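Inside the fold
What follows is each chain in one-letter form.
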Amino acid sequence: MNDSAEVVGICRDLLRIDTSNTGDPQTSKGERAAAEYVAEKLSAAGIEPVVHETLPGRTSLVARIPGADSSRGGLLVHGHLDVVPADPAEWSVDPFAGEIRDGYLWGRGAVDMKDFDAMVLTVVSQWHREGYVPPRDIVLAFTADEEAGGKYGAKALVADRADLFEGVTEAIGEVGGYSFTVSNDLRLYLIETAQKGMDWLRIHAKGRPGHGSMVHDDNAVTALAEAVARIGNHKFPLTVTPTVRTFLEQTTELLGVELDLDDPEKAIAKLGPIANIIGATVRNTANPTRLDAGYKDNVIPGRASATIDCRTLPGQHELFYEQLRELIGPDIEIESRDPQPALETTFDGDLVDAMSAALKAEDPGALAVPYMLSAGTDAKHFHQLGIRCFGFAPLKLPADLNFSALFHGIDERVPVEGLEFGTRVLDRFLRGC
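So, a few notes on the structure that sits alongside this text.

About the criteria used
- Residues numbered from 1 in each chain as written.
- Predicted model: local features only at pLDDT ≥ 70, side-chain atom pairs only at ≥ 80, totals over all residues.
- Heavy atoms only, no water.
- Salt bridge = Lys/Arg side-chain N within 4 Å of Asp/Glu carboxyl O.
- Helix = DSSP H or I, 4+ residues; strand = E, 2+ residues; numbered from the N terminus.
- Buried < 20%, exposed > 50% of the residue type's maximum accessible area, 1.4 Å probe, protein only.
- Phe/Tyr/Trp six-rings, centres within 6.5 Å; stacked < 30°, edge-to-face > 60°.
- Lys NZ or Arg CZ within 6 Å of the ring centre and 35° of its normal.
- Pairing = 2+ DSSP bridges.
- Core = buried A, V, L, I, M, F, W, Y, C linked by side-chain atoms within 4.5 Å.
- Contact = heavy atoms within 4.5 Å.
- Expected span 1.5 Å × (residues − 1).
- Axes fitted to C-alpha atoms, helices over the stretch in contact; angles between N-to-C directions.
- Parallel < 35°, antiparallel > 145°, perpendicular 65-115°, else oblique.
- Left-handed = near helix turned anticlockwise from the far one by under 90°.
- Nonpolar A, V, L, I, M, F, W, Y, C, P; charged D, E, K, R; others polar.

**Considerations on the pattern of salt bridges**
- In total, this model carries 24 salt bridges according to the counting rule given.
- For R108, the salt bridge is made with E412, and the minimal N-O distance between the two is 2.7 Å. With R108 in the loop between β5 (104-106) and α3 (114-130) and E412 in the loop between β18 (388-391) and β19 (413-415), the pair connects residues that are 304 residues apart, well separated along the chain.
- On the accessibility criterion, R108 (4% relative accessible area) is buried.
- Among the ionic contacts, a cluster of salt bridges with common partners joins E31, R58 and D145.

Given below as structure tokens:
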């Protein structure tokens, strides 16, 4: 099997393993079957993984490939095995069939992120056939539960088995290295050097329980609804971080778009398919996502709750909470359950040079630029070990593809040529890093 067919076949196999993560261990499918598949591929490549299972079926794998110079800091290459759920009734294809159509491989997890898992497995299998030894230690991690914050995956690995990452100084993972077409001979490849902090807050309103037929001026549902509406309708102040500033200055210059850093959203609106991601990185955001109140139609409950998905810019965590408290008022309780920090590193060094060189070798029109991810990844946990984290899962994309909409979206798919391109770039990068 040639490398091109190999990566498509592996990705297809992984897509056909339903690893839907609902956020509830009782209803999630579990990653065990996918982890067993990955373990077989690694074993066939002469790599024996360490299995870490936090709950039955919630399985992660870690393996180390010794490098030619193990005195150098190791590189972590991490990908998660779980996916968000998909409703087949909403899709054009079966989301777990791994169908190839119109030059794309379709399925839940095609870009988030079984494509990268397949690239990694293809590269290390190729190395095994060649007898190739990388220049530095490469640590591979295939994790569970990333889509629900990593409690049963990367977070548990860092807490329980930090020894598996000993000597690792840098890491690459998802949502970076993908292309944005400027012209026929110029494509920007967005390297993730920062990501927003994450906190799925619960807010609670209390009131006086009573009969639904009575006049009632202390209604918890009303108080909660008013607070939720204020949050959902609020725009937090603009803040342009160093990463976002660099991205906007480089991108707008190349596109010939006027940039006013006091009002960057006008320029961001002209960035086409990536505007949604970039637009979410110039301010903190708080989006209501769930409501919970009451137990009978004619009973006014004494308590009502909501979940707020909060994403904060680097250095803004404390300020954000002050702003949120002022917004919702003193009588609403805020429960922070598992806050995860924002990350930001500089766009420089040998690793960045190796990314740029690998992209340029496969695409002469490539220009690597730093950007901030509006969401979060397992990098938040690995960062706790002092590891410098980047998003670099390379893909060359069609100019008209709305890539950001595919993440957690309907009809998620990855271009077959992009998948093959990414495998070649990853191989070059790991050989040169």
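Once the structure has been displayed, the description carries forward.
**Some thoughts on the packing of aromatic side chains**
- Inspection of every chain in the model, using the stated rule, returns nine aromatic pairs.
- Seen from their ring centres, F236 and F320 are 5.2 Å apart, and the 40° between their planes marks the pair as tilted. Here the residue F236 occupies a position in the loop between α5 (220-233) and α6 (242-255), and F320 occupies one in helix α9 (residues 317-328), the gap between them amounting to 84 residues. The pair F236 / F320 is uniform in exposure class, with both members buried.
- Above the face of the W106 ring, R101 is positioned so that its terminal group lies 5.7 Å from the ring centre.
- Here the basic side chain of R413 rests over the ring of Y104, its NZ or CZ set 5.3 Å away from the ring centre.

**A word on the pairing of strand β7 (residues 168-173)**
- A large share of β7 lies buried, amounting to five of its six residues.
- Examined bridge by bridge, β7 and β18 share four bridges and lie parallel to one another. The partner of G173 across the bridge, within β18, is G391.

**What about the nonpolar core?**
- Membership of the largest hydrophobic core comes to 92 residues, with the highest contact counts inside it found for I172, Y178 and F429.
- A total of eight residues in this core trace back to one element, the largest contributor, which is α3.
- If we ignore the near neighbours within four places in the chain, the residues touching I172 are L75, L76, V77, H78, F116, L351, M355, F390, F392, L426 and F429.
- The next biggest cluster of nonpolar side chains, apart from the first, holds 20 residues, and it includes A205, I231, F236 and L324.

**Looking at helix α2 (residues 32-44)**
- For α2, which comprises 13 residues, the first-to-last C-alpha distance of 18 Å matches the rise-based estimate of 18 Å (1.5 Å per residue) to within 8%.
- Residue G46 follows α2 closely and has a positive phi angle near 75°.

**Considerations on the sheet that holds strand β4 (residues 100-101)**
- Taken in spatial order, the three strands line up as β4-β5-β19 in an open sheet, and their pairing is antiparallel. What marks the edges here is a single partner per strand, and that holds for β4 and β19.
- Two strands pair when backbone bridges link them, and β4 and β5 are joined in this way by two bridges, in the antiparallel orientation. Residue pairing across strands places R101 opposite Y104, the latter belonging to β5.

**Some words on unusual backbone geometry**
- Going from D112 to M113, the amide bond is cis rather than trans, its omega being -10°.
- Structurally, M113 is set in the loop between β5 and α3.
- Notably, D145 is not glycine yet its phi reads approximately 65°, a positive angle.
- Note that D145 resides in the loop between β6 (138-143) and α4 (154-160).
- Of the residues examined, D145 reaches a relative accessible area of 2% and is grouped as buried.
- Phi is positive for D411, which is not a glycine, with a value near 60°.
- Within the element layout of this structure, D411 appears in the loop between β18 and β19.
- You can call D411 buried: its relative accessible area is 13%.

**Remarks on the side chain of H381**
- Structurally, H381 can be placed in helix α11 (residues 379-382).
- Residue H381 is classed as buried on the basis of its relative accessible area of 7%.
- If we skip the residues at most four places from it in the chain, H381 touches G149, G150, A154, K155, V158 and Q340.

**Overview of the packing of α3 against helix α12 (residues 416-432)**
- With their axes 9 Å apart at the nearest point, α3 and α12 run at an angle of 55° to one another. Taken together, α3 and α12 sit at an angle that is classed as oblique. Seen along the crossing, α3 lies across α12 with a hand that is right-handed. The residues of α12 that touch α3, namely those facing D115, F116, M119, V120, T122, V123, Q126, W127 and E130, are L419, G422, T423, L426, D427, L430 and R431.
- Considering only residue class, the contact of α3 with α12 consists of eight nonpolar, four polar and four charged.

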